[in-house]
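Examination of the molecular architecture
Here's the letter readout for the chains.
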Amino acid sequence: LLSITVRTTPNTQGLRFYSKVPRHLKPNLKECPELSPLKAVPTVSTITKNEFQEHVKHRHPLVIKGGISDWPAVEHWASPQYFRKWGKTMVPVEFRSGSGMSHTSLMHIHEFLDEHVKSRSAMLGRISGIDVFDVIPELKVDVRVPEFAESRLGAIRETLATIEPPLAVTPLHCHSKVSKQFEDRHNLVAQVAGHKYFRLYRPEEEVRLYPSTDPFHPGVSTVDVEDPDVEKHSLFPLVDYLECVLAPSDMLYIPREYWHWSKSLSYSVELNFRFLD
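Rules behind the numbers
Residues numbered from 1 in each chain as written. Predicted model: local features only at pLDDT ≥ 70, side-chain atom pairs only at ≥ 80, totals over all residues. Heavy atoms only, no water. Buried < 20%, exposed > 50% of the residue type's maximum accessible area, 1.4 Å probe, protein only. Helix = DSSP H or I, 4+ residues; strand = E, 2+ residues; numbered from the N terminus. Arc of directions from axis to C-beta. Contact = heavy atoms within 4.5 Å. pLDDT = per-residue confidence, 0-100. Polar contact = N/O pair within 3.5 Å; in protein donor to acceptor, adjacent residues only side chain to side chain. Pairing = 2+ DSSP bridges. Axes fitted to C-alpha atoms, helices over the stretch in contact; angles between N-to-C directions.

Description of helix α3 (residues 109-118)
Count 3.6 residues to each turn of an α-helix, and residues three or four apart come out pointing the same way. Residues Ile-109, Phe-112, Leu-113, His-116 and Val-117 constitute the buried set of α3. For α3, the arc enclosing every buried residue in end-on projection is 115 degrees, short of the 170-degree limit, so these residues lie on one face.

Focus on helix α1 (residues 49-58)
Looking only at α1, the buried set comprises Phe-52, His-55 and Val-56. Projection of α1 onto a plane perpendicular to its axis shows the buried side chains occupying an angular sector of 100 degrees, all on one side. Turned more than 90 degrees off the buried face of α1, the exposed positions are Asn-50 and Lys-57. For α1, the elements touching its buried residues are β2 (62-64), β8 (186-193), β11 (251-254) and β13 (268-275). A positive phi of about 55 degrees marks Arg-59, the residue just after α1.

Describing the confidence of the model for the protein
Averaged over every residue, the pLDDT of the protein is 84; the share at 70 or more is 80%. In the predicted structure, residues 1-6 sits below a pLDDT of 50 and forms 17 contacts with residues beyond four places in sequence or in another chain.

Quick notes on the side chain of Ser-264
With respect to the helices and strands, the residue Ser-264 is situated in strand β12 (residues 259-264). Of the polar contacts made by the side chain of Ser-264, one reaches the backbone oxygen of Pro-165; its length is 2.7 Å. Once residues within four sequence positions are removed from consideration, Ser-264 is found in contact with Glu-164, Pro-165, Pro-166, Leu-167, Ala-168, His-195 and Lys-196.

Structural notes on the sheet that holds strand β7 (residues 169-173)
Spatially, β7-β12-β9-β10 is the arrangement adopted by the four strands of the open sheet, whose pairing is antiparallel. With partners counted over all chains shown, the strands left at the sheet margins are β7 and β10 (242-246), one partner each. Taken pair by pair, the neighbouring strands of this sheet meet at an average axis angle of 15 degrees, ignoring direction. Relative to β10, strand β9 (residues 196-201) runs antiparallel, the two sharing five bridges. Residue pairing for β10: Tyr-197 is matched across the bridge by Val-245.

Observations concerning the environment of Trp-259
Here Trp-259 is to be found in strand β12. On the accessibility criterion, Trp-259 (1% relative accessible area) is buried. Expressed as a C-alpha distance, the spacing of Trp-259 and His-175, which sit 84 residues apart in the sequence, is 7.7 Å.

Here it is as structure tokens:
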């Protein structure tokens with residue numbers, strides 16, 4: 001029998017990995033929305049391949065606590081200084097507004113770390129959606145496919161990384177709607193470094209999430225989740241959702257067609273394994 005629990009307080013697991021991180025990059029759990037036990041994503045400490053397959057089959061979101069605790073990356077990537085080894089590597093840095101509109105600039109990794117992580121910049125940029133093993137192949141040695149997911153190894157299509165400063169927000173979106181390329185993909189999020197808050201919305205709620213009709217921003221909601229315009233988006237406050245806080249080494253399964261919104265509560269690094277049924 002799969003033992004499932006719910007969390008009613010932010011997950012403080014993994015705080016030991018912040019010993020070498022500047023104070024302003026450490027978790028600020030005061031920035032975390034108040035968690036409700038009625039909205040908590042179910043959480044397990046262990047899971048088998050068959051149990052994981054059942055969650056994928058029925059499209060049930062799930063947090064796997066400590067799912068990547070054996071990754072060297074959990075310790076190595078805990079400090080942003082680790083990435084200075086590849087400081088001259090060019091990466092796309094994304095800037096977004098609360099409603100999801102974005103623009104991207106190319107920067108060296110060392111510039112991103114200095115201007116958007118180290119400096120406490122008011123203009124939050126983040127490295128997002130890069131195939132990290134194509135850009136920095138040396139990082140592969142820090143990562144292992146979790147045993148419970150090994151049966152799906154052949155179905156993994158992308159391994160995308162996000163590196164972001166504290167309080168960076170990922171707007172409400174559905175990657176299955178962003179492009180035809182992603183429409184049949186599930187997402188397994190690996191929280192490698194930092195704490196991050198996630199909010200998940202079922203596909204049935206899509207109409208009340210007010211998707212953008214702009215062809216250049218498909219799959220993105222026009223709602224600013226932290227400051228919604230209730231006159232313009234009157235149905236949004238009625239939408240039900242699930243939520244969780246991931247700590248270093250936690251994983252989150254997001255079924256395909258689910259919408260989600262997130263906010264980093266500290267310096268944060270995550271990997272996203274996009275895979276097929």
